[in-house]
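Architecture and fold: a report
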Amino acid sequence: MKNKLLLSLFLFLCFFKTIFSQDSYLSSQSEFETILKKAKKNLKNNNEDSIINYLEKLKPYSKSKSQYNDYIRYLINTIHFFDTKGSFEKSIKVAQEGIDIAERYNDSTIISEILADMSHSYRLFQDYKKAIVYGKKAVEVLPDNEEKENLLLKANALNMIAAAHTEKGYPDSAIVFQKKVLDFLPKVDSFDIKNTFVNIGYAFMETNRLPEAKLYTETSLKLYRPTKSDYAMASIFTNLGMYGRRAKDHKYSLQMFDSAIYYAKKSKYIETFEWIYEERAQVYQALNNYKKVSEDLNNLLIIKDSMFTKQRDKNAQEIEAVYQTAKKEKQILKQREELLAQKLAIKNRTVYTILLASLLVIFGVSFFAIYKRNQLKRKQLQKEIDLKDALAKIKTQNRLQEQRLRISRDLHDNIGSQLTFIISSIDNLKFISKNADKKLKNKLANISSFTGDTIHQLRDTIWAMNKNEISMEDLHSRILSFVEKAKIATQHIEFSINNNIHTDFNFSSVQGINIFRVIQEAINNAIKYAEAKTISIDIEQQKNDLVFVVKDDGIGFSIAEVTLGNGLSNMEKRMSEIDGKVLIDSKNTLGTSVTLKIKINTTDDV
């Protein structure tokens, strides 16, 4: 009887506990749904502070797998909201928190989606290097299979990388990434990768391939019309307006920009207005409507002031630094836990040995345990010292990078703007003095051309200063860009570039700019003096040397009979600064070749 009573009491307690647990879960789920509903409603009302507060209220629920999916989707919508407002530092911070939460569940799909969103945010913030880095991370975290969902996520990330390359000034590289997305057809529908058609159309436009640009852009317009995506429609009409400007169809261009403004106002994406005003001002300038030019440029300045300030740039860098430091601290804590676990295991084994051994063995084991403990402490201390040194090195590198960025910004904002003002003033003088004598006009044209060349050289210097290191891909793209400009200026010369390097080497900024300057000088000399029909640039590896050869089929010259000028002397000086060599081989009527050699093991940062 007593046993039956105890059994009944036990069953009642189990039943009560089950009911209580279910009630607690239902209560928690109900609270979560209530808060989430209010949060979504608040997201539509565009209140930034309230959105952050709701995100914090919902965060504890992310620990539940059943509530995680709804929470993470709201978090991603929050990222998109801050992007529309131009609050990129907030969207990046929210994205980093989302990645930390998704990593708990090993959710590679969500991690890839958020990394792609971070790439998008950094691109809008005009930090193209980080945009490319995070776009590549978004691809790397995905599994290697051809399931449709996986391919669509890869397509999204590749589109982000391509867009960053285009806006960075490397549209040819962008087209390579976008064609990788087109390779997914027919495994995915054209509708599913419609964003690729927008981006590839823009890239073709940047390479001045206007018929292809229009074809892809109009295709994207047909794909996007049923979606009612105001942001996409604003971007597409902006691209068509840009096409019209470059094709000199100004009426068509203005019509497209009017449509772009209509959809931009509906989407509330601030970045689209920046593109529209900047491009449309150039159309009005071509039509000599300077009042409209002034209005658009004034609107552009207002938008840029709201989107990009030094303080916001600093905030974004601080957020990135805090995120990376937190990761390092997690690694340090993990290593400490492993060391403590090892220490505890050794101690337990030692205690077990002491209990079973004789007094003599006890003495020996105790001595050994003390020795091992001290050894582990020394190792632990050494690891902590190494980690502190690594963190100090990272902080120093960050400070150096900040100095570089500050100097390059000063060059761009001050000297660059002053040179641009000089060119504008000279053009105005040419316009005002259109009845002046030919000698004065030629003089003004020469000054304008010289100032333009100075701006290009300044941009090349800023390009190098903004980088800790320059990859072979970056250098190759820079050479391609220079050759494309040379083709336009000298249409009677045929250029060819052969890059036979399949391994990506990294150069220091000094090495990269010196190699580029020497190649640039060699090409300029061939254009000016060689009377050549073809100029070729070959890049290859010969044992432990990287070799760059600039060759022409011009009139050549006798090295013994010609005195080397400043240009050739400067080429030798630049290569000697980076422990490289420059060899010049030329014969009358047989053309000239300029060979640059640099040791592979010297391509580390200097």
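Conventions used here
Residues numbered from 1 in each chain as written. Predicted model: local features only at pLDDT ≥ 70, side-chain atom pairs only at ≥ 80, totals over all residues. Heavy atoms only, no water. pLDDT = per-residue confidence, 0-100. Contact = heavy atoms within 4.5 Å. Pairing = 2+ DSSP bridges. Helix = DSSP H or I, 4+ residues; strand = E, 2+ residues; numbered from the N terminus. Axes fitted to C-alpha atoms, helices over the stretch in contact; angles between N-to-C directions. Phe/Tyr/Trp six-rings, centres within 6.5 Å; stacked < 30°, edge-to-face > 60°. Buried < 20%, exposed > 50% of the residue type's maximum accessible area, 1.4 Å probe, protein only. Salt bridge = Lys/Arg side-chain N within 4 Å of Asp/Glu carboxyl O. Core = buried A, V, L, I, M, F, W, Y, C linked by side-chain atoms within 4.5 Å.

Here we come to the confidence of the model for the protein. Mean pLDDT over the protein stands at 79; residues scoring 70 or higher make up 77%. Taken together, the stretch residues 15–26 has pLDDT below 50 and engages in 1 contact with residues farther than four places along the chain or on a different chain. The model gives residues 602–606 a pLDDT under 50, and that stretch makes 15 contacts with residues more than four places away or in other chains.

With mixed pairing, 5 strands are arranged side by side in an open sheet as 2-4-5-7-6. Either end of the sheet is taken by a strand with one partner, and the two such strands are strand 2 (494–499) and strand 6 (580–587). Across the sheet, the mean angle from the axis of one strand to that of its neighbour is 10°, orientation sign disregarded. The pairing of strand 2 with strand 4 (residues 534–542) spans 6 bridges and is parallel. In the strand pairing of strand 4, Asn 499 is matched with Ile 539.

What follows concerns the packing of aromatic side chains. Counted by the stated rule, this structure contains 11 aromatic pairs. Relative to Tyr 277, the ring of Phe 273 lies with its centre 6.2 Å away and its plane at 25°, an arrangement referred to as stacked. Taken together, the positions of Phe 273 and Tyr 277, both in helix 13 (residues 270–286) and 4 residues apart, correspond to about one turn of that helix. For the pair Phe 273 and Tyr 277, a shared accessibility class is recorded, and that class is buried.

Side-chain pairing between opposite charges can occur once the charged atoms of the two side chains come close. Scanning all chains against the criterion turns up 13 salt bridges. A salt bridge links Asp 144 to Lys 154; its shortest N-O distance comes to 3.9 Å. On the criterion of sequence distance, the pair formed by Asp 144 in the loop between helix 6 (128–140) and helix 7 (148–168) and Lys 154 in helix 7 is long-range, its members being 10 residues apart. Residue Asp 144 is classed as exposed on the basis of its relative accessible area, which comes to 75%. Relative accessible area serves as the criterion here: at 14%, Lys 154 is assigned to the buried category. A single network of salt bridges, built from pairs that share partners, joins Asp 258, Arg 280 and Asp 296.

With that settled, the discussion passes to the nonpolar core. By size, the foremost hydrophobic cluster in this structure holds 87 residues, and its most contacted members are Leu 58, Tyr 74, Ile 114, Met 118 and Phe 237. The dominant element in this core, judged by the number of residues it contributes, is helix 3 (residues 65–84), at 9 residues. Ignoring any residue separated from it by four or fewer positions in sequence, one finds Ile 114 in contact with Ile 72, Leu 75, Ile 76, Ile 79, Ala 95, Gly 98 and Ile 99.

Direction of pairing for strand 6 relative to strand 7 (residues 591–599): antiparallel, over a ladder of 8 bridges. Bridge pairing in strand 7 links Ser 586 to Thr 592. Joining the antiparallel neighbours strand 6 and strand 7 is a turn of 3 residues, in which Thr 589 adopts a positive phi near 70°.

A few words on unusual backbone geometry. The backbone of Asn 208 shows a phi angle near 65°, a positive value even though the residue is not glycine. You can call Asn 208 exposed: its relative accessible area is 53%. Backbone geometry at Thr 589 places phi at a positive 70°, although glycine is not the residue there. If you trace the backbone, Thr 589 turns up in the loop between strand 6 and strand 7.

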